[in-house]
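# What the coordinates show
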Amino acid sequence: MTEALNQLHDEAWMRYAIRLAQRAEDEGEVPVGAVLVKNNTVIAEGWNNPIMNHDATAHAEVIAIRRAGQVLENYRLVDTTLYVTLEPCVMCMGAIAHSRVKRLVFGAYDSKRGAVCNALKLAEAPFLNHSVDWTGGVLESETSALLTDFFRAKRLLKSIIK
């Protein structure tokens, strides 16, 4: 029963992160959303914003982690779960480990830049100060489609403009 309940919670929070990713897309950003949860309550949220903020570090995960630190008045985000629509990159995995996020749940796998279990495997890297429990592929078809459709539309627009 607990496993089924955890899966339901993971899917519900991932749907929340998908709505945040859609906000990023509405702003012309790559559609990635993140929500940080503690005791089944939202602590902070974020969506990709590097273009609008002129900030290469303004990934959804980093924004959510920064906001959570302010809310909790602590850079250590112990006993939290971060839900994100795309497997985090190396920068975001560094932030996740350093902030001591307990659990990471992501939707789409990123075979080229994913730093959890693909291009790099940082979730349990022995040289980091914290290992992160993780689950990947939650609502994978929806999160992957969001990204695929976004980039397909970008390519189409680019070919029309040529």
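For the structure itself, consult the block above.
Residues numbered from 1 in each chain as written. Predicted model: local features only at pLDDT ≥ 70, side-chain atom pairs only at ≥ 80, totals over all residues. Heavy atoms only, no water.

The next point concerns the nonpolar core. Leu36, Leu82, Met93, Ile96, Leu104 and Val116 are the most contacted members of the largest nonpolar core, which has 29 residues in total. Of all the secondary-structure elements, those providing two or more residues to this core are β1 (33-38), β2 (41-47), α3 (60-72), β3 (81-86), α4 (90-98) and β4 (103-108). Top element by residues in this core is α3. It accounts for 4 residues. Beyond its immediate sequence surroundings of up to four residues, Leu36 is in contact with Thr41, Val42, Ile43, Ala44, Ala68, Leu77, Thr80, Thr81, Leu82 and Val101. One finds Val35, Val37, Leu139 and Leu146 within the second-largest nonpolar core, a separate group that totals 15 residues. (Core = buried A, V, L, I, M, F, W, Y, C linked by side-chain atoms within 4.5 Å. Buried < 20%, exposed > 50% of the residue type's maximum accessible area, 1.4 Å probe, protein only. Helix = DSSP H or I, 4+ residues; strand = E, 2+ residues; numbered from the N terminus. Contact = heavy atoms within 4.5 Å.)

Turning to the sheet that holds β4, a few remarks are in order. Ordered by their spatial adjacency, 5 strands build an open sheet running β2-β1-β3-β4-β5, and the pairing between neighbours is mixed. A strand with exactly one partner marks an edge of an open sheet, and here the two such strands are β2 and β5 (133-135). Adjacent strand axes in the sheet meet at a mean angle of 20 degrees, parallel and antiparallel pairs treated alike. Sheet analysis places β4 next to β5, joined by 3 bridges and oriented parallel. Across the sheet, residue Val105 finds its bridge partner in β5, namely Thr135. (Pairing = 2+ DSSP bridges. Axes fitted to C-alpha atoms, helices over the stretch in contact; angles between N-to-C directions.)

Sheet topology places β1 next to β2; 6 bridges connect them, and they run antiparallel. Residue pairing for β2: Gly33 is matched across the bridge by Trp47.

As for its placement among the helices and strands, Arg100 is situated in the loop between α4 and β4. Buried and unpaired, Arg100 has Asp79 as its nearest opposite-charge partner, separated by 12 Å. A polar side-chain atom of Arg100 sits 2.8 Å from the main-chain carbonyl oxygen of His98. When sequence neighbours within four positions are dropped, the list of residues in contact with Arg100 reads Tyr75, Arg76, Leu77, Val78, Asn129 and His130. (Lys, Arg positive; Asp, Glu negative; His and termini not counted. Salt bridge = Lys/Arg side-chain N within 4 Å of Asp/Glu carboxyl O. Polar contact = N/O pair within 3.5 Å; in protein donor to acceptor, adjacent residues only side chain to side chain.)

Turning to α4, a few remarks are in order. Those residues of α4 lying buried are Cys92, Met93, Gly94, Ile96 and Ala97. In the core, the buried residues of α4 are packed alongside α3, β3 and β4.

Now for helix α1 (residues 2-26). Helix length check: α1, at 25 residues, gives a terminal C-alpha distance of 36 Å against a target of 36 Å (1.5 Å per residue), a fit within 8%. Turning to α1, its buried residues are Asp10, Trp13, Met14, Ala17, Ile18, Leu20, Ala21 and Ala24. Residue Gly28 follows α1 closely and has a positive phi angle near 85 degrees. (Expected span 1.5 Å × (residues − 1).)

Here we take up the side chain of Asn49. Within the element layout of this structure, Asn49 appears in the loop between β2 and α2 (50-53). On the accessibility criterion, Asn49 (8% relative accessible area) is buried. When neighbours within four sequence positions are excluded, Asn49 is seen to be in contact with Glu27, Glu29, Ala58 and Ile63.

For the rest of this paragraph, the subject is the layout of surface pockets. Remark: the empty space left among the atoms is shown by a probe the size of a water molecule rolled over them. Of the volumes computed, that of the largest pocket is approximately 440 Å³. Forming the boundary of the largest pocket are 20 residues, of which Val30, Val32, Leu86, Asp110 and Arg113 lie nearest the centre. In terms of residues, the lining of the largest pocket owes the most to one element, helix α5 (residues 140-161), which gives 5 residues. Quantified by volume, the second largest pocket comes out at close to 220 Å³. Considering the residues around the second largest pocket, the lining is formed by 13 residues, among which His9, Asn40, Thr81, Tyr83 and Arg103 are closest to the centre. Of all the secondary-structure elements, those providing two or more residues to the lining of the second largest pocket are α1, β1 and β3. (1 Å grid on protein atoms, 1.4 Å probe; cavity = no way out; pocket = protein on both sides within 12 Å on 5 of 7 lines; lining within 4 Å. Points joined across faces, edges and corners; volume = space filled by probe spheres on them.)

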